[in-house]
Amino acid sequence: MFSVRIHGRGGQGAVTAAELLSVAAFAEGRHAQAFPTFGSERTGAPVVAFCRIDERPIRLHEPITHPDALIVQDPTLVHQVDLFAGIGSGGYLVVNTSSTLDALGLGDLALRLDPRRVVTVAATEIAREHVGRPVPNVPLLGAFAALTGQVSLAAVCDAVRERFPAELGEGNVRAAEVAHEQVLEQLRTYADA
Amino acid sequence: MRSQVEGSQAVARAVTLCRPQVIAAYPISPQTHIVESLSDRVRTGELAGCEYLMVESEFGALSACIGASGAGARAYTATSSQGLLFMAEALFNASGLGLPIVMTLANRAIGAPINIWNDHSDSMAMRDSGWIQLFAESNQEAVDLHVQAFRLAESLSVPVMVCMDGFVLTHAFEEVDLPTQEQVDAFLPPLVPQQLLDPDDPVTIGAMVGPEAFTEVKYLMHVKQMAALDELPVIAAEFRAAFGRSSGGLVKPYRTDDAETVVVALGSVLGTIEDVVDTMRDEGHCVGALGITCFRPWPAAEVREALAHATRVVVVERAFAVGAGGIVGQNVRDATRGLPLEAYDVVAGLGGRPVTRASLRRLLDDVLAERLDPTALHFLDLDHALVQRELERSRHGHRPGPHAENMLRALGTVASGAYE
Amino acid sequence: MAFQEIKLYQTGTFVAGNRLLDPDQRSVQARTGRSNTLTSGHRACRGCGEALGARYVLDAAMRATDGRLVAVNSTGCLEVFSTPYPESSWQLPWLHSLFGNGPAVAAGVAAALKARGLDDVRVVGQAGDGGTVDIGFGCLSGMFERNDDVLFVCYDNEGYMNTGVQRSGATPPAASTANTKALGDQPGNVFGQGKSVPLIAMAHEIPYVATATVAELRDLEAKVEKAMTFRGARYLHVFVPCPLGWGADSADTIRLARLAKESGIFPVFEAEAGEVTAVSRIRRQVPVEDYLRPQRRYAHLFGDHPRPDLVARIQDRADRNIARFGLLPEGDE
């Protein structure tokens, strides 16, 4: 089983991201389960959403406390939430930032992980450019797909198109593709290093 | 067709396939996505021939269903928590009148303190309202139970409540095999009302009954509900034949054949329990699980049979009777009267607290090592220190204030739902 | 349903309709072919205004719908006295659910009929004042607001008679009830409370609102008939004296209903879409005292320690109705 935890704020689409990820995994013949931590809907409040992907049917119904991958939609959450709780040294990390992890104060935490499994992507900026709105969830899924290989970019894009109507869907697909390519580029840099 | 959808959407689609003619709805979390989706389906014409009433309260919702059912329409509503309690009077009325209404209950805690998250306090509070209560383990089962619920309700002319865990199931995207319209139509014939407000053949429904016949009318209600114990397995078998998968029925034994210790539970926690059972089996422990799909009527014979060879029964339930103890536990004890087994009542998962594999494992380890007192009521993952602190604090001063607020302050947190 | 021939007794010129008229001009009650929806043998008290009102209303509605009618009844006297199991006085399809949900149940029936394509079958909901103005008010307002196709009828006898005569939101000031006794200086039910559901119904801007009394049969029947020409939510508020609860002679039911209207204390009017369209003017105005004196619930106003001050305040209320609705006879304005 592969478990993903997504940290964001109300309005950033964390729950939608988990749902899209589950749809993408399902479309590729795997079993998946996505669910949010459930609170009253408030913009800006910390939100956590989860996604499990497995080869077998999933019957478990508990929150993910030991994720294999983390997607951080807003790194400022580090001041409120224990973002790295339960992640093992082999875990993956995708952080939405145009800055560096060190500058965000996440450098030490990220050191617990394999540096080749840690990427940053300026998802908010990418979304603003291609979607016209600063909603980083879909480009982060593109980044996640590139980093982990758990789902293909094509499956993510199909799920996005199915969920969002015409232009909104296509804009998000472009954003996912850009983020995906940026992460592949980062990974090539790691491999070269 | 298999698809990856939100539980609420899957249920709304299943209800649509059952062709309800009147839907009366009022918003309350976590049920709301279901009735929102049904509203869309009525407006787009996907659900044709259906009147959708946006009523002024849950009491109005079930009341409208009572009128609709009496007038010969297939009637449906959905609610949660406080909404179910607000319906309480009408719940008893619908069952007393014998009207085949189907309701989805997205299980949620009951306040105070106000809490929107999942537990089973709502269905348990209304367990004696005369409604059949079915509990879904997964979204697939929630879908299937709705199709079976209309069949059952209409064959016995009794109301049926399909209970599914709020948020845990309603808001979860899971894989669901949605039946086709043709399949459902073949399984669920149009409603043939057993009583009808018909100008061509006028009847009086809802007369006053005095001591001379009240007992007999109530006795008949009991007999009719007990008939569901025979009817449900038949419907489940037909469902399996028609849809190619097992769903519903009365109880769901999991690796109980040679189990010495059996965990009894209802709803979505069963999957988690089954994972724990598998792990412990791999380690050589003789454990199993018994899911209760039909809680009302209470399948005493099936429960007794499933537990006949167990020496320990651990009832994990998401509600309890304040001042008395376990509710499901009481029923299990009743069903196993005279059997040489020890039953443990464990309250778990109240107000959205997750019931995790780790906690269940600790619990079962305690049971196996005989560290748990079978005569006491246990609360899984109870923060004893927090309770002690508040008890200690409230001993001082003449106006100790509200407990809930004090305990949150002591925890230094807010009711965010982010508890893990 | 099949109509049955019934016997008629002459009970007064205004009451049972005039059988000397041409058959087409007779009131529904005066026709031998009336459906007698609430048939004889029920357990209402002698002189029950509600029993009369219910039969008048439903017979008229049956005639207006050619017998295609369903009734929904809230808990109360009417429900209890008409259906002591296994007997029923109802000769139309009739459903009783709860005290507080009549309007919602009726809305459900209407929805079901629509969904089943039975557009010719109509729905009447009915309740006493408790089931209408108090406990059923939320459901009533919801039914109005959604404009459900229901005629809801309140038989207003100004209190909870079924439970032993307690105050409701429709109990008038100074009335003595089991929990508003005129003890000490207390006036009985206090002034400054209570509500007019007809006016509240008008505020919902539903197609049709009317008030009526059991004293004016033709007016009542005409309003029912008119109500049935509309689709959507309609409200009829019928003033029905209660001999038991009011401490009145059972022979005075019709007289008290007439005095309530003639004194102006109960305004009789019609409204469409929120606007008053017609009023029943007073024929021979009487002081409220004429209406109050025959009722034991007002006895404390006229006994050894009379309370002319309270009678005057009640007269003020009647005068306000008269001014507000323009109730004075033609030429007296």
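As the structure is a computational prediction, the values presented were derived from the model and not from experiment.

**Observations concerning the confidence of the model for chain C**
- Across chain C, pLDDT averages 93, with 93% of residues at or above 70.
- Within the model, pLDDT remains below 50 along residues 10-17 of chain C, and this stretch shows 15 contacts once partners closer than five positions in the same chain are excluded.

**Describing the domain arrangement of chain B**
Residues and elements named next belong to chain B.
- What the domain assignment lists for chain B is domain 1 (2-243) and domain 2 (251-379).
- Between the C-alpha centres of domain 1 and domain 2 the distance comes to 27 Å.
- For the side of domain 1 that touches domain 2, the secondary structure elements donating two or more residues are α6 (121-125), β6 (132-135), β7 (160-165) and α9 (214-243).
- Counting residues per element, the side of domain 1 that touches domain 2 draws most heavily on α9, at five residues.
- When grouped by side-chain class, the residues that make up the side of domain 1 that touches domain 2 number 15 nonpolar, eight polar and four charged.

**Observations concerning the interface of chain B and chain C**
- The interface of chain B with chain C comprises 38 residues on the first partner and 40 residues on the second.
- Take the side of chain B that touches chain C: its biggest share by element is nine residues, from helix α3 (residues 58-70) of chain B.
- Grouping the constituent residues of the side of chain B that touches chain C by class yields 22 nonpolar, 12 polar and four charged.
- With two bridges joining them, strand β9 (residues 204-205) of chain B and strand β2 (residues 94-96) of chain C adopt parallel strand pairing. Looking at the pairing, Ile-205 of chain B lines up with Leu-95 of chain C of β2 of chain C.

**Re the environment of Ala-54 of chain C**
All names here are of chain C.
- Checked against the element boundaries, Ala-54 lands in helix α1 (residues 49-64).
- Between the alpha carbons of Ala-54 and Val-238 there is a distance of 9.2 Å; along the sequence they are 184 residues apart.
- In contact with Ala-54, not counting residues within four places along its chain, are Leu-38, Leu-78, Gln-126 and Tyr-155.

**Overview of the sheet that holds strand β1 (residues 69-73) of chain C**
- Strand order across the open sheet formed by nine strands is β9(B)-β2(C)-β1(C)-β3(C)-β4(C)-β6(C)-β5(C)-β7(C)-β8(C), with mixed pairing between neighbours. Strands at the two margins of the open sheet, each flanked by one partner only, are β9 of chain B together with β8 (275-279) of chain C.
- Bridging between strand β5 (residues 208-213) of chain C and strand β6 (residues 234-239) of chain C involves six bridges; their strand directions are parallel. Bridge assignment links Thr-213 of chain C to a residue of β6 of chain C, and that residue is Phe-239 of chain C.

Definitions and limits used
- Residues numbered from 1 in each chain as written.
- Chains lettered and ligands numbered in written order.
- Predicted model: local features only at pLDDT ≥ 70, side-chain atom pairs only at ≥ 80, totals over all residues.
- pLDDT = per-residue confidence, 0-100.
- Contact = placed C-beta atoms within 7 Å.
- Domains from an automatic or database assignment.
- Helix = DSSP H or I, 4+ residues; strand = E, 2+ residues; numbered from the N terminus.
- Nonpolar A, V, L, I, M, F, W, Y, C, P; charged D, E, K, R; others polar.
- Pairing = 2+ DSSP bridges.

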